[in-house]
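Structure assessment
Spelled out from the first residue to the last, the chains are:
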Amino acid sequence: MTTLFERIIQGEIPCEKVFENENIFAFKDIAPKAPVHILIVPKKVIPDLQSVNLEDLALMGEIVQVAQRLAREFDIEEDGYRLICNNGPFAGQTIYHLHFHLLGGAPLGRMAG
Ligand code: 5GP
């Protein structure tokens, strides 16, 4: 089944895109939990973090580089930011296409709960 994020990447559903290259697509979250809330999504269809395998490790590194670049561009590098991946129902994952939340722009509190 095609996920919502595949449809966003393919341009079928509009979004506020902030980055794209051949492997990665990033856009603003529709319901931001912080002043900066960006979703960083690999174009490769991987349902969740638990499904990442050895052949995806370069892609994971590229995602971190994109997060660093966006942190600079959105001016949250110095104050700090959080990069989150929710895996599975207890973590609150709602869309089963791997994605990382880049959050910043205000104090984010402590971890979970
Ligand atoms: P998850 O809960 O799976 O970790 O994260 C899914 C995220 O996708 C949520 O933060 C939610 O606000 C965001 N989201 C859901 N639907 C849309 C949409 O249509 N457009 C955008 N830009 N974000 C969405």
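Our subject is the structure listed above.
Description of the structure in this document. No experiment lies behind these values; they were computed from the predicted model shown. (Residues numbered from 1 in each chain as written. Predicted model: local features only at pLDDT ≥ 70, side-chain atom pairs only at ≥ 80, totals over all residues. Heavy atoms only, no water.)

Focus on the overall build of the chain
Keep this limit in mind: Segments assigned H or I by DSSP are reported as helices when at least four residues long, segments assigned E as strands when at least two residues long, and all are numbered from the N terminus. We compute the radius of gyration over the C-alpha atoms and compare it with the globule rule, which gives 2.2 Å times the number of residues raised to the power 0.38. Throughout this description, buried means an accessible area under 20% of the type-specific maximum (1.4 Å probe, protein chains only), exposed means over 50%, and partly exposed covers the range between. Contacts between residues were defined by any pair of non-hydrogen atoms, one from each residue, lying within 4.5 Å. In these tables, accessible area is a Shrake-Rupley quantity obtained with a 1.4 Å probe, and a residue counts as shielded only by the protein chains included in the view.
A count of helical and extended segments in the chain gives two helices and five strands. The helix and strand sequence of the chain, counted from the amino end, reads α-β-β-β-α-β-β. For 113 residues, the compact-globule formula gives about 13 Å, and the C-alpha radius of gyration of the chain, at 14 Å, lands near that figure. By principal-axis analysis of the C-alpha atoms, the chain measures approximately 35 × 30 × 30 Å. Expressed as a percentage of the 113 residues in the chain, the buried residues total 37%. Across the chain, every contact between residues at least 6 apart in sequence was considered, and the portion connecting residues at least 24 apart equals 54%. Surface accessibility of the chain: about 7,100 Å² in total, with carbon and sulfur atoms responsible for 54%.

Re the pattern of salt bridges
As a reminder, the rule being used: One side-chain nitrogen of Lys or Arg within 4 Å of one carboxyl oxygen of Asp or Glu is enough to make a salt bridge.
For the structure on display, the rule yields eight salt bridges. Residues glutamate 77 and arginine 72 are paired through a salt bridge, measuring 3.8 Å at the closest nitrogen-oxygen approach. One network of salt bridges, with partners in common, ties together Lys17, Glu20 and Lys43.

Notes on unusual backbone geometry
The backbone of aspartate 75 shows a phi angle near 60°, a positive value even though the residue is not glycine. Tracing the backbone through its elements, the reader meets aspartate 75 in the loop between α2 (57-73) and β4 (81-84). You can call aspartate 75 exposed: its relative accessible area is 66%.

Details of the packing of aromatic side chains
To keep it simple, the criterion reads: Two rings belonging to Phe, Tyr or Trp (six-membered ring only in the last case) form a pair when the distance between their centres is within 6.5 Å. Interplanar angles under 30 degrees mark stacking, angles over 60 mark edge-to-face geometry, and anything in between is tilted.
Overall, the coordinates contain two aromatic pairs when judged by the stated rule. Ring centres of phenylalanine 25 and phenylalanine 27 lie 5.9 Å apart, and the angle between their planes is 55°; on these two criteria the pair is classed as tilted. Phenylalanine 27 shares its class with phenylalanine 25; the two are buried. One aromatic cluster is present, formed by Phe5, Phe25 and Phe27 through successive ring pairs.

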